[in-house]
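Observations on the model geometry
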Amino acid sequence: MADNTHPRDAGLDRTQNRASDDPIEVYEHILEHDDQDRQTVAVALDKTVKGIGNVVMWANLLLVAAIVSQVSMRYLLNQNYPKLDEIQWHFYGLVTMIGISYALVTDSHVRVDLLHMQLSRRAQRIIEVIGILALIVPFIYLMIDQGYDYFYESWRVNERSSSPTGLPARWALKAVIPISFVLLALAALARLIHDGHALFTNLAEEREGKGLRLIVWALLGFGVVAVALTFLVHSTEEKLVIAMFLTFIALLFTGFPVAWTLAGVGVAYCGLAYLFDNGMMNWTGLEETLTGLDYLTLGAVVNRVYATMSNAVLVALPMFIFMGLMLDESGVAERLMTSMQRLFGTVRGGLAITVTMIGIILAASTGIIGASVVLLGVLSLPSMMEQKYSPSLAAGVVSASGTLGILIPPSIMLVIMADQMALSVGDLFMAAVFPGVIIGALYLTYIFVIALIKRDVAPVPAGAKRPDWNAVKDVLIAVLPTLGLILAVLGSIFAGVTTPTEASGVGALGATVLALGYRKLTLAKLVNVLKATFNTTAYIFAIFLGATVFSYVLRELGGDALIEDMIGGTGFGATGTVIMILFIVFLLGFVLDWIEITLIVLPLMRPIVNGLGLDIPGFGAIDEPALVWFVILVAVTLQTSFLTPPVGFALFYLKGVCPPEIRLTDIYKGIIPFVILQLTGLAFVFLWPALATWLPSVAY
């Protein structure tokens, strides 16, 4: 029978009573949403794409092996092998590109659910059909056609590595581009068949919920705003830039995946610019343009996709994700929870303090917010409810503690920010240490104070015993192996012993060894970690692809110059401009995920910040201290986006595992003080820039 609930709601319903399940399995269960329609051909296509994905995901283990081998050979044999570096790119490119089709058939891509979740399943299917045909299909055609030409030219000249000791047959990696988009076409076809079959059978369950009128009114509202805003600018290019941004935001509210909305809007506005360039839109009364955009110039996106696939910095992404997920599976958090509860058992709010401290420790091992929130929720929420904690405090503590991983290094967000802003990953990691610790300390202080003032929100459990030296010893035994791994990973980066990519591979191996040592690693858990790593990396990389198309067209339309002129023309001065940018980022966090903001908005800010003449202390050791400080400010601001509805992913994952007595209103109430604490931490870093720039200056 077809499921009449929203796919993500269905995932939540299935996990409500699974508190005893494996946290990574629960995380993956929430992330994936198989279509309930069982049309035979579509199911066969689903199985084909999934089967290929289930084979390719094991390449992550080969990636770990390649990185560790490279580090070992350099330090043990004093040898460097460029081939191993290039093998790493190949494994990374293979995993990410094949993963995007797997994420489509499992419906794991990021979307804005605010309106979408209110719609009937039938209305959702209609939106998906229109979205696939209008947004995904043109992008797929572009990437297969231009991607094949890109591969063929490489194969024709038998392209090899630019290094004389590198790999031959560079064309083999380039072949992944058209092949992966053929797989994506199969995945899209499967979705279309599922949707068409379900719409044709028209089951009553699929009609429960709101119709498309809600979406139509929302799109009309955005259309009116877009038309009004175009009167604020003069040239046709500027009007197209404003229309492009608002089209993207409007289509997000249909609930179509963010990655494909970005790509589709980019392709559509390239076509629109071509029509304006050639005088085919004169009937609108607008002037002709000279953007130079057409099908062939848009094909340059293929080269940018290849550059992303072979980016040595981004290879760290799946490795840090793997490291964090494997640590979650290792049982470290359970050991910490048990031992720390004994240590803080007689302290009011002791369990909440324990959860926050574990959140800080886990934050230094993973940047996967969903997995951290699920893990902390599964481990602590039942106990908090049993100990009569306030539901809002319990929800706030778990969701806020889980978000620390996006800021405290090693953070995947900081890796991507460093890549986009041409900064050192190590500098950003070090710059984020003090801000992350400060926010964690603010959380702990708030919990301690609120528990003293309002004694009923976090009572001492009945029968709690005062801690003894055995409790302290148990905490040390539980925490030292994890801290040792974290210090080895971060210490090797800070000391310049390894690159962040090398440290990520060593960390992934270390987390696996730790899980083995704790006797927690089984084949089933290894598969869970590999699948979650594969899927999480895939939906992030899909947004990379979409943002590549979107930002390319936006720049060709002059969007970067328009935004620079608009912000520079406000007359707010250097400090006021930074505050305004941070406020815009904060507002965007309500409707956009950190990935879109990092990939689209943040790079546009680089020339603006460089032109402000900010006097930020670099202590004579940091090349661009103002940029480092600014990026950390944006990172702290984006941390709030995980707690602010409607996008707030920490809230979404928390709802998937929280006990039934915790309502959605409790979650929303609970996060308010923690958002205020995050903004307080932001103010500290803003007022005292050395909190971000001092540590990087003394690390080398």
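Located above this text is the structure these notes cover.
For the structure given in this document, a descriptive report is provided here.

Rules and cut-offs
Residues numbered from 1 in each chain as written. Predicted model: local features only at pLDDT ≥ 70, side-chain atom pairs only at ≥ 80, totals over all residues. Heavy atoms only, no water. Helix = DSSP H or I, 4+ residues; strand = E, 2+ residues; numbered from the N terminus. Rg over C-alpha atoms; globule rule 2.2 N^0.38 Å. Buried < 20%, exposed > 50% of the residue type's maximum accessible area, 1.4 Å probe, protein only. Contact = heavy atoms within 4.5 Å. Areas by Shrake-Rupley, 256 points an atom, 1.4 Å probe, with all protein chains shown as cover. Lys, Arg positive; Asp, Glu negative; His and termini not counted. Charge placed at Lys NZ, Arg CZ, Asp CG, Glu CD. Expected span 1.5 Å × (residues − 1). Axes fitted to C-alpha atoms, helices over the stretch in contact; angles between N-to-C directions. Parallel < 35°, antiparallel > 145°, perpendicular 65-115°, else oblique. Nonpolar A, V, L, I, M, F, W, Y, C, P; charged D, E, K, R; others polar. Bend = angle between axes of the 7 residues up to and from the residue. 1 Å grid on protein atoms, 1.4 Å probe; cavity = no way out; pocket = protein on both sides within 12 Å on 5 of 7 lines; lining within 4 Å. Points joined across faces, edges and corners; volume = space filled by probe spheres on them. Core = buried A, V, L, I, M, F, W, Y, C linked by side-chain atoms within 4.5 Å. Patch = residues over 30% accessible without salt bridge, like charges linked within 9 Å, V, L, I, M, F, W, Y side chains within 5 Å. Salt bridge = Lys/Arg side-chain N within 4 Å of Asp/Glu carboxyl O. Left-handed = near helix turned anticlockwise from the far one by under 90°. Polar contact = N/O pair within 3.5 Å; in protein donor to acceptor, adjacent residues only side chain to side chain.

**Observations concerning the overall build of the chain**
A count of helical and extended segments in the chain gives 30 helices and zero strands. Relative to its length of 700 residues, the chain is compact, with a C-alpha radius of gyration of 25 Å against a globular reference of 27 Å. Principal-axis analysis of the C-alpha atoms gives the chain an extent of 80 × 65 × 55 Å. The buried share of the chain, reckoned over its 700 residues, is 59%. For the chain, long-range pairs separated by at least 24 residues make up 82% of all intrachain contacts whose partners lie at least 6 apart in sequence. Summing over all exposed atoms, the chain offers an accessible surface of approximately 26,300 Å²; the carbon and sulfur share of this is 66%. When the 40 positive and 52 negative side-chain charges of the chain are each reduced to one mean point, those points stand 10 Å apart.

**As for helix 11 (residues 258-277)**
Every α-helical turn comprises 3.6 residues, leaving residues that sit three or four positions apart pointing alike. With 20 residues, helix 11 extends 28 Å between its outermost C-alpha atoms, agreeing within 8% with the 28 Å of an ideal straight helix rising 1.5 Å per residue. Most of helix 11 sits inside the fold, with 15 of its 20 residues counted as buried. G279, located one to two residues past helix 11, shows a positive phi value of around 70 degrees.

**Observations concerning the packing of helix 16 (residues 350-363) against helix 20 (residues 425-453)**
Where helix 16 contacts helix 20, the two axes come as close as 10 Å, and the packing angle between them is 175 degrees. The pairing of helix 16 with helix 20 is recorded here as roughly antiparallel in orientation. Residues A352, I353, T356, M357 and I360 of helix 16 lie in contact with helix 20, whose contacting residues are G440, Y443, L444, I447 and F448. Grouping the constituent residues of the contact of helix 16 with helix 20 by class yields eight nonpolar, two polar and no charged.

**Focus: helix 26 (residues 594-610)**
An ideal rise of 1.5 Å per residue puts 24 Å on 17 residues; helix 26 measures up with 22 Å between its terminal C-alpha atoms. Along helix 26, the largest kink reaches about 40 degrees and is centred on L602; proline P603 follows within four residues of it. With 14 of 17 residues buried, helix 26 lies mostly within the body of the structure.

**Some details on empty space enclosed by the protein**
Summed over the entire model, instances satisfying the criterion amount to four cavities of 30 Å³ or more. In this structure, the largest cavity occupies an estimated 220 Å³ of space. Lining the largest cavity are 22 residues; nearest its centre among them are G370, Y539, D593, F649 and Y653. When residues of the lining of the largest cavity are traced back to their parent elements, those giving at least two are helix 2 (23-31), helix 17 (369-386), helix 23 (523-556), helix 26 and helix 28 (649-657).

**Quick look at the side chain of N60**
Along the chain, the position of N60 falls in helix 4 (residues 59-76). Given the relative accessible area of 0%, N60 is considered buried. Residues in contact with N60, not counting those within four places in the same chain, are V95, P318, M319, L530, T533 and F534.

**Re the nonpolar core**
One recurring pattern in soluble globular proteins: nonpolar side chains tend to sit buried together. Membership of the largest hydrophobic core comes to 241 residues, with the highest contact counts inside it found for Y27, F139, F181, W260, M384 and M417. Among the elements that make up this core, the one with the highest residue count is helix 23 (18 residues).

**Re unusual backbone geometry**
With the exception of glycine, most residues fall at negative phi, and the peptide bonds are largely trans. In this structure, P410 follows P409 across a cis peptide bond, with omega equal to 0 degrees. Locating P410 in the fold gives a position in the loop between helix 18 (391-402) and helix 19 (412-421). Phi at A169 is positive, roughly 55 degrees, even though this residue is not glycine. Residue placement: A169 occurs in the loop between helix 6 (121-156) and helix 7 (171-174). In this structure, A422 is a non-glycine residue whose phi angle is positive, near 55 degrees. The residue A422 is located in the loop between helix 19 and helix 20 in this model. The class of A422 is exposed, set by a relative accessible area of 59%.

**What to know about a nonpolar patch on the surface**
Taken together, the side chains of F434, F619, W694 and V698 define a hydrophobic patch exposed on the protein surface, amounting to about 360 Å² of accessible area. Here F434 lies in helix 20. Since its relative accessible area comes to 30%, F434 is described here as partly exposed.

**Points about the environment of L220**
Relative to the helices and strands, L220 is located in helix 9 (residues 213-230). Measuring from C-alpha to C-alpha, the distance between L220 and A250 comes to 9.1 Å, with 30 residues separating the pair along the chain.

**Focus on the layout of surface pockets**
Within this model, the largest pocket holds a volume of roughly 730 Å³. F245, I563, M566, I584 and L588 are, among the 26 residues lining the largest pocket, the residues nearest its centre. Within the residue set of the lining of the largest pocket, elements represented by two or more residues are helix 10 (236-252), helix 24 (559-568), helix 25 (573-588) and helix 26. No other element matches helix 10, which puts six residues into the lining of the largest pocket. Looking at side-chain class alone, the lining of the largest pocket contains 24 nonpolar, one polar and one charged residues.

**As for the packing of helix 19 against helix 26**
Orientation of helix 19 relative to helix 26, taken along the N-to-C sense of each, is 30 degrees, at an axis distance of 9 Å. The pairing of helix 19 with helix 26 is recorded here as roughly parallel in orientation. Relative to helix 26, helix 19 is oriented so that their crossing is right-handed. Counted together, I412, M413, I416, M417, Q420 and M421 of helix 19 and W594, T598, L599, L602, P603 and R606 of helix 26 form the full contact between these two elements.

**Considerations on the environment of D294**
Inspection of the secondary structure assignment puts D294 in the loop between helix 11 and helix 12 (295-298). Residues D294 and A273 lie 21 residues apart in sequence; the distance between their C-alpha atoms is 7.8 Å. If near-sequence neighbours (up to four positions away) are discounted, D294 is found in contact with C270 and Y274. From its side chain, D294 meets the backbone nitrogen of L296 in a polar contact 3.1 Å long.

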